Amino acid sequence: MDTFYIDDLKLKYDYKKIIAEQDIEPLYSGYTLEETSFETSDGKKLITYIARPIGCTEPLPVILRRTPYGIKSLRFFFEMSLYGYICISQNCRGSFGSEGEFIPGINEKQDTLETIKWIKTLNGFNGKMAMCGASYLSMEQWQIGDCAPPELKTLYLEFYNPYRYIQLYTKGMFRLEAYAGWTSYNAGVKGSKDLYDRAVKHIPQYTMDEDVLGTHLDWYRDWVSHPYPDAPIWHDMPWSHLETMPQKLDLPVFMHCGWYDPHLEGMLKAYKNIRPEIREKSVLFITPCNHKGTLSSDVDLKNAFDLTGKRFVKSKLAWFGYMLKDEPLADHFLPGKATVYVIGDEKYINTDWAHIKTGERSFFLNTDDLSLDTAENKASCSLSFTYDPKHPVPTHGSEVIMTDYMYNGNDRYHGIRLQEKNTREDVLSFTSLPLEEDITITGSSLKLKVSTTAEDTSFTAKLCIVKANKTYHLRESITALSFEHKNYKAGDIVEINIDFYPIAVNLGAGDSIRIDISSSSFPAYPAHPNTKGLWSKETEPVCAKQTIYGGKLTFKTL
């Protein structure tokens with residue numbers, strides 16, 4: 001067995017600084033890292049790394065990660081062995097030297113269960129283990145949520161929800177940047193630096209796989225071909241069984257969500273669907289982070305990492321110490337409760353998120369003067385704009401952006417971003433008077449009365465807060481008209497609902513609320529072609545006249 005340290009792996013982060021951030025000193029001064037292979041029952045050898053603390057002679061618990069992203073994606077994982085764990089990382093089949101073909105989600109359940117069985121035979125294993133890892137690495141954990149062997153004591157689930165449709169779509173609109181981008185980086189294709197941009201911008205998106213990536217991907221074509229949640233694919237596809245896993249989960253979990261992670265909606269739904277007897281042993285933790293576990297914000301989110309440490313090591317050590325070593329759990333994490341960061345207050349609170357009691361506060365869109373009124377008004381006019389799919393509104397602050405900042409380091413589309421004064425004719429901005437008192441909101445939704453000259457279209461809404469004459473993005477959402485009105489006829493006046501992700505944010509006295517209404521946010525979502533056919537095959541988009549007759553913005557408040 002050879003000895004490696006993080007410098008030898010050339011990972012770009014200050015691991016010594018991260019160690020210094022923890023509340024407890026490491027138990028060991030170094031670790032060994034062994035590269036080996038595990039052979040599956042069908043004969044595929046999976047590259048596996050085993051880190052053990054140097055000088056340890058007693059049996060230890062195991063922490064397992066399985067990843068399709070390679071060893072260099074595991075920033076500060078092996079170092080956790082310094083705190084008294086055997087840390088094992090395995091490359092999924094078909095990735096980074098592991099044999100077989102990488103097909104998202106297909107082999108992970110069987111490979112994970114077989115790997116756990118193998119771990120039970122390792123020297124130095126004390127009979128207790130946990131799994132951890134974010135995004136795809138959490139998907140693998142959900143795969144075995146209903147059949148975990150007794151040695152597996154807990155799952156540490158980060159930034160992944162088990163509901164496939166709401167991962168990929170928001171009310172009929174594909175999360176283009178996140179999943180066209182993800183596909184361009186994870187389909188096993190080596191290409192030019194502009195591969196991401198070409199993938200996101202390609203029309204028709206249905207043939208992006210062959211036209212841009214040079215390979216045929218049935219699974220991607222399935223994704224972009226079924227914009228409605230009642231399509232059989234969302235309940236029959238290989239990953240669809242995950243949607244029943246929250247109800248079947250049979251071991252405690254630590255669920256780490258981010259206010260600006262695309263998986264937030266489904267993670268909160270999954271938490272509420274966990275059986276009460278399991279949820280009472282589990283923890284929900286919501287930080288103001290994005291899918292990468294970092295902050296994307298033009299405001300100072302103080303204290304965001306107080307409970308987690310950088311790379312969320314502190315929270316992992318707290319949970320694994322509690323579940324695998326019978327250590328007391330840190331006071332700020334309460335089994336059966338949620339630990340939630342409140343933006344605006346810049347602090348964490350404990351609450352019963354599964355049964356949170358909320359009030360309601362409403363504002364009404366006044367089309368006469370583009371205001372948000374606290375009393376319902378009878379506006380005398382409607383407002384219209386022309387939506388041209390060839391010139392969509394660019395995304396600027398969005399919760400469903402994921403790929404660009406993950407792989408390219410660009411936060412241009414994402415997070416709590418300062419908003420410019422609206423000068424576009426295809427965006428309508430409604431603003432309230434300054435609030436007279438503080439309110440803390442936990443969710444919001446917008447009901448609009450609209451019509452369009454198109455056979456089908458989309459409407460977007462951006463929720464902003466105006467603070468000290470500066471406007472900041474808080475939430476954005478969208479709906480395809482056909483999602484709620486499949487038999488819509490051009491010119492009909494109908495009601496639509498735009499539902500924003502939950503969020504805990506304090507709106508202070510003196511702050512104002514702004515709602516921006518439009519029909520596009522590219523590249524977060526594709527520019528709707530304003531036609532009735534399948535969006536991903538459309539090559540001839542048309543312009544449409546969109547009309548707003550009024551609406552109601554509703555907040556859930558603490």
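If you're wondering where the values come from, they're calculated on a predicted model, not measured in any experiment.

Q: Is there a simple way to think about the packing of helix H3 (residues 108-119) against helix H4 (residues 136-143) in this case?
A: Relative orientation and spacing of two packed helices are given, respectively, by the angle between their axes and the distance between those axes. One can describe the packing of H3 onto H4 by two numbers: an axis separation of 9 Å at closest approach and a directional angle of 75°. Comparing their axes, H4 and H3 come out roughly perpendicular. Residues Glu108, Lys109 and Thr112 of H3 lie in contact with H4, whose contacting residues are Tyr136, Met139, Glu140 and Gln143. In terms of residue class, the contact of H3 with H4 is built from two nonpolar, two polar and three charged.

Q: Sorry, what's going on with the side chain of Ser536 here?
A: Summarising the element assignment, Ser536 is placed in the loop between strand S23 (512-518) and strand S24 (544-557). Contacts of Ser536, omitting those with residues within four sequence positions, involve Pro204, Gln205, Tyr206, Val224 and Ser225.

Q: Any chance you could explain the packing of aromatic side chains here in plain terms?
A: Each aromatic ring pair is described using two quantities: the centre-to-centre distance and the angle formed by the ring planes. Scanning the entire structure with this criterion turns up 30 aromatic pairs. A ring pair is formed by Tyr156 and Phe320, whose centres lie 5.8 Å apart and whose planes are at 55°; its orientation type is tilted. Of this pair, Tyr156 sits in strand S6 (residues 152-158) while Phe320 sits in helix H14 (residues 313-325), and the two are 164 residues apart along the sequence. Like Tyr156, the residue Phe320 is buried in the burial classification.

Q: Could you clarify how one ought to interpret the sheet that holds strand S5 (residues 125-134) in this entry?
A: Read across the sheet, ten strands follow the order S1-S2-S4-S3-S5-S6-S9-S10-S11-S12 without closing on themselves; strand pairing throughout is mixed. Edge positions in the sheet fall to strand S1 (31-39) and strand S12 (347-351), since each of these pairs with one other strand and no more. Averaged over neighbouring strand pairs, the angle between their axes works out to 20° when direction is ignored. Sitting on the sheet, H3 touches S1, strand S2 (45-53), strand S3 (60-67), strand S4 (86-91), S5 and S6, and the angle it makes with S3 is about 155°.

Q: Sorry if this is basic, but what is going on with H3 here?
A: Two residues of an α-helix separated by three or four positions point the same way, owing to the 3.6 residues in each turn. The end-to-end C-alpha distance of H3 is 16 Å, a good match for the 16 Å that twelve residues give at a rise of 1.5 Å each. All of the buried residues along H3 are Glu108, Asp111, Thr112, Glu114, Thr115, Ile116, Trp118 and Ile119.

Q: Hey, could you run me through the pattern of salt bridges in this one?
A: Oppositely charged side chains can form a pair if their charged atoms are brought close together. According to the stated counting rule, one finds 22 salt bridges in the structure shown. In this structure, Glu265 engages Arg175 in a salt bridge whose closest nitrogen and oxygen atoms are separated by 3.8 Å. Here the residue Glu265 occupies a position in helix H12 (residues 264-273), and Arg175 occupies one in the loop between strand S8 (173-174) and helix H6 (176-186), the gap between them amounting to 90 residues. Relative accessible area serves as the criterion here: at 1%, Arg175 is assigned to the buried category. Between Asp194 and Arg198 there is a salt bridge, and its shortest N-O distance comes to 3.3 Å. Assessed through its relative accessible area of 34%, Arg198 is described here as partly exposed. Overlapping salt bridges, with partners in common, bring together Asp42, Arg66, Arg93, Glu108, Asp111 and Glu140 in one network.

Parameters and conventions
- Residues numbered from 1 in each chain as written.
- Predicted model: local features only at pLDDT ≥ 70, side-chain atom pairs only at ≥ 80, totals over all residues.
- Heavy atoms only, no water.
- Axes fitted to C-alpha atoms, helices over the stretch in contact; angles between N-to-C directions.
- Helix = DSSP H or I, 4+ residues; strand = E, 2+ residues; numbered from the N terminus.
- Parallel < 35°, antiparallel > 145°, perpendicular 65-115°, else oblique.
- Contact = heavy atoms within 4.5 Å.
- Nonpolar A, V, L, I, M, F, W, Y, C, P; charged D, E, K, R; others polar.
- Phe/Tyr/Trp six-rings, centres within 6.5 Å; stacked < 30°, edge-to-face > 60°.
- Buried < 20%, exposed > 50% of the residue type's maximum accessible area, 1.4 Å probe, protein only.
- Pairing = 2+ DSSP bridges.
- Expected span 1.5 Å × (residues − 1).
- Salt bridge = Lys/Arg side-chain N within 4 Å of Asp/Glu carboxyl O.

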